[in-house]
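Listed here are the chains, written in short residue letters.
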Amino acid sequence: MMNTTIKSYTIQSLAIAATAFLYACSDGRFEEINSDPNRPANATTTTILVAAEKQLMDNLRNENISLRGSQLFAQYYSQNIYSDQSRYDIPRSTSDTYWNTTYKTLNNLNDIIIKNTDPATKNIAAAGTAGANQNQIAIARILKAYAFQGLTDVFGNVPYQSYGNNDPEFQALQQSPENLSPAYASQQKIYTDILNELKAAGDTLIKYKTLNTFGNYDVIYKGSNEKWAKFANSLRLRVATRIRKQLPEQSEAHFADALQKGVFTSNADNAVFKYLTQAPNEAPLYRATVTANRKDFAISHVLIGVLKGETGPVKVEDPRLGIYAAKNDSGKYVGQPYGLPVAAAGLLTSNVVSLPGTLPNAANFGEVLQEYSEVAFLISEYKNWDQQTYVNGVTASLEKWGATQAQINTYVAALPAASKANVIAQKYLALFTQGDEAWSEIRRTGGPSFLVKPGDVVWRRVVSGVTTEYKFQPLFGNGIPLRLYYPTKEQSVNLANYQKAVGAQGNDDITTALWWNK
């Protein structure tokens, strides 16, 4: 069920979470947190912002939608016990938490906008370190655009809401009167409006780029308006590229405008939400694999083979191998064969394959919303597979993960020339841990070519001289899922609009292509 209004318990939990997170971040230096968590109406915009950022990233990287969803679809990970989801037997309940929590996050971001526009609260909202009303609104709009793009890339048509746009399809998040059955907006309308939202928000923050908004309550950028503006324009590159096939003129206009106004130029610009080592603020992967002691997700044989230089376009060992993956008990990097039948997957125990590496599996890992390497690859594609920006993207990814200069030089020297296949392959490697974006790019481009396809042999097991071949055979569909099922509760609480969405988009199953992918 979609949560269409800001419930008091949501703000209350935000206040508690924000206070805990900020005190953990600051060793108690944030004296300005003075709202009573038992009186949710008094939650400040700064408190709402920090907790909404965490809520957004927790949800994007949660176990169901990421570890059991996009990270598997992108073939970064493979299951060594329960492998049905690797073969696309996806429970319909997988969507529920992601859908519900995203709309709660959107409601909370929208509350920041409301508090900064309502004459009764706007002066209070701008008090202290919060910053000017228009800048708070701009940052909230950017995060809303990010969250809505995630939703529509997973489901297609979804209930949507825009700042100042009264389109009858944009009815989500409505508070007065409460709307429990909002219409679903078409993905084309959503994408078009997201671009406009990012442009408007970015333009506002460029105008006030020397100012600070939200201060240290903003975990991502510590309140830097200038960096938020770069993020808005960098996201426009991503969004504009996604729709180039469907809306080429609009894509071109936004891409060119964003480039001109300023996008990421180094890893210092990366949009990152850094977690903490203290409970309950650890990173989602850590909570799934260390806190819960789960060892049934290993690095796939697909990724290990490419990083070793055995498959893929680069024939030397990738410096990221020892970062992305851990050695097995024998001191080797061994990938878990992807998409095995359940009986075969269980034959490989966790000590004989490579589990996630120490850095991406750390409690205080910094989850990426977008980074410079992706921006460089987007520009390379825009410039018809430009060589220099392709090299820039590879170099930025290697630097981000801690490769030495000597390692970078060796790897870059072995790179094949820029081309569609080679840029896509390197972008895939750079997007590790960002399963949502990697999955979308695989759907958009069809690559990289080294991914496992139905019918491919993924493992040859030899016992007593007898070889058994295991092929990848999806349980549903003929390849990577093109979307996920709508939450089952939508059919009971918003049936008419659900049916309209399905009628417009296609069957509610994983084989229905999204608008931008048709």
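Structural data are supplied above this passage.
Bear in mind that the values here come from a model prediction, so they are computed numbers and not experimental data.

*Asks:* Give a description of the packing of helix H14 (residues 372–382) against helix H15 (residues 387–400) that names residues and reports values.
*Replies:* The interhelical angle for the contact between H14 and H15, taken along N-to-C directions, is 165°, at an axis separation of 8 Å. As judged from the angle between their axes, H14 and H15 are roughly antiparallel. For the pair H14 and H15, the sense of crossing is left-handed. On H15, the residues that touch Tyr372, Ser373, Ala376, Phe377, Ile379 and Ser380 of H14 are Thr389, Tyr390, Asn392, Gly393, Val394, Ala396 and Ser397. For the contact of H14 with H15, the residue count by class is 7 nonpolar, 6 polar and no charged.

*Asks:* Please give an account of helix H2 (residues 45–60) that cites residues and values.
*Replies:* Along its 16 residues, H2 runs 22 Å from first to last C-alpha, staying within 8% of the 22 Å computed at 1.5 Å per residue. Of all 16 residues in H2, 16 are buried; the element is thus mostly enclosed.

*Asks:* An account of the side chain of asparagine 361 is requested, with residue identities and associated values reported.
*Replies:* As for its placement among the helices and strands, asparagine 361 is situated in the loop between helix H13 (342–345) and strand S4 (366–370). Separated by 2.7 Å, the side chains of asparagine 361 and threonine 289 make a polar contact. Not counting chain neighbours up to four residues away, the residues in contact with asparagine 361 comprise Leu285, Tyr286, Thr289, Val290 and Pro356.

*Asks:* Describe unusual backbone geometry, with residues and values.
*Replies:* Cis geometry marks the peptide bond from alanine 279 to proline 280, where omega comes out at 5°. Cis geometry marks the peptide bond from glycine 447 to proline 448; its omega dihedral reads 5°. With respect to the helices and strands, the residue proline 448 is situated in the loop between helix H18 (435–445) and strand S5 (457–463). Not every positive phi belongs to a glycine, and asparagine 384 is a case in point at roughly 60°. With respect to the element layout, asparagine 384 can be found in the loop between H14 and H15. Classification of asparagine 384 by relative accessible area gives exposed; the value is 61%.

What counts, and at which threshold
Residues numbered from 1 in each chain as written. Predicted model: local features only at pLDDT ≥ 70, side-chain atom pairs only at ≥ 80, totals over all residues. Heavy atoms only, no water. Axes fitted to C-alpha atoms, helices over the stretch in contact; angles between N-to-C directions. Helix = DSSP H or I, 4+ residues; strand = E, 2+ residues; numbered from the N terminus. Parallel < 35°, antiparallel > 145°, perpendicular 65-115°, else oblique. Left-handed = near helix turned anticlockwise from the far one by under 90°. Contact = heavy atoms within 4.5 Å. Nonpolar A, V, L, I, M, F, W, Y, C, P; charged D, E, K, R; others polar. Expected span 1.5 Å × (residues − 1). Buried < 20%, exposed > 50% of the residue type's maximum accessible area, 1.4 Å probe, protein only. Polar contact = N/O pair within 3.5 Å; in protein donor to acceptor, adjacent residues only side chain to side chain.

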